[in-house]
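# Topology and contacts: notes
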Amino acid sequence: MKIKFLLSLAILSILFSCSRDSVSGTDSSSTTNYFPLALRNYWKYSVLTNAVTQTDSLYISNDTTINTKVYKKFKTRNSPIGFFSNSMNKNAARVDGNRILLTGSLAFNFGVALPINLSVSDYVIFNETASNNQDLGSVSGTINQTVQNYPLTIDYTLKSTNIESLATFSSNGRVYTDVKKIKTVLNAKITTSITVGGIPFPVVVSILDPQDVVTSYQYYSKTIGMVYTNTTINYRLNTLPAGVTLPLPSTGSQTQEEFLQSYDVSH
């Protein structure tokens, strides 16, 4: 999945709740239904970015089996714009008791020259019984890529947290009841090794100090699904040594909102 949000700085991320219908491979008879998972269910979102409004249509296309367990596969009608639809598109989710587990590939780009792909397997993105501020899932790793002959090392941590439960929540002129608020954060650090000042061996240079580059809040209403997402991207690259140039934007700051327009979870 490729996310095209903010000068091509995009990410992945995450999110859900689940199902009315039984799912093979579920480990408990108790299931969450904050994001009903059934074939042909769909959600249409109005996506506001930089005062420009666009539309995403997300739907459940088919069942898929991964390691003997059955998941619901998500797709979008067109290339997705919003963080939430980007995070779900072409990925698979399943119910495990009160939890939602995500499996697939998530991606974000610092410009087209540096696509970064993260793989997740049964990553916990939602837990109906989680307490306030309880961590749900976390994954860390290192990616090595070469950009314009510079070897880059990207260390990342993706983390989701249950923030709170809300009796009511208003969005886009509508009032939703029994809402769960989830937070997703991507923290990243980028370094490279270069030769400077005639030193006969490479030295490590920090390009991006550890930063929360993406912070996203998702709101899920019981029996409906995700009704509102607010995502912020902020980062600042360090000043590079003289003669070192990279095709990456030096700074980024943007907020995006996704509002539920219509949905059908009647299947």
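As a starting point, this report considers the structure included with it. Being a predicted model, the structure only gives us computed values, none of them experimental. (Residues numbered from 1 in each chain as written. Predicted model: local features only at pLDDT ≥ 70, side-chain atom pairs only at ≥ 80, totals over all residues. Heavy atoms only, no water.)

### Quick word on the overall build of the protein
Along the protein, the regular secondary structure elements total 1 helix and 12 strands. Taken over 267 residues, the protein has a buried fraction of 51%. Contacts spanning at least 24 positions in sequence make up 60% of the contacts within the protein whose residues lie at least 6 apart. As presented, the protein carries roughly 11400 Å² of accessible surface, and 46% of it is formed by carbon and sulfur atoms. (Helix = DSSP H or I, 4+ residues; strand = E, 2+ residues; numbered from the N terminus. Buried < 20%, exposed > 50% of the residue type's maximum accessible area, 1.4 Å probe, protein only. Contact = heavy atoms within 4.5 Å. Areas by Shrake-Rupley, 256 points an atom, 1.4 Å probe, with all protein chains shown as cover.)

### Thoughts on the packing of aromatic side chains
All told, the structure shown has 13 aromatic pairs when counted by the stated rule. A ring pair is formed by F169 and Y228, whose centres lie 5.9 Å apart and whose planes are at 40°; its orientation type is tilted. With F169 in strand β8 (residues 150-171) and Y228 in strand β11 (residues 225-236), the pair connects residues that are 59 residues apart, well separated along the chain. Note on F169: relative accessible area 14%, which makes it buried. The buried category is assigned to Y228, whose relative accessible area is 9%. Pairing Y219 with Y228 gives two aromatic rings, centres 5.6 Å apart and planes at 50°, and the pair type is tilted. Assigned by exposure class, Y219 and Y228 land together as buried. (Phe/Tyr/Trp six-rings, centres within 6.5 Å; stacked < 30°, edge-to-face > 60°.)

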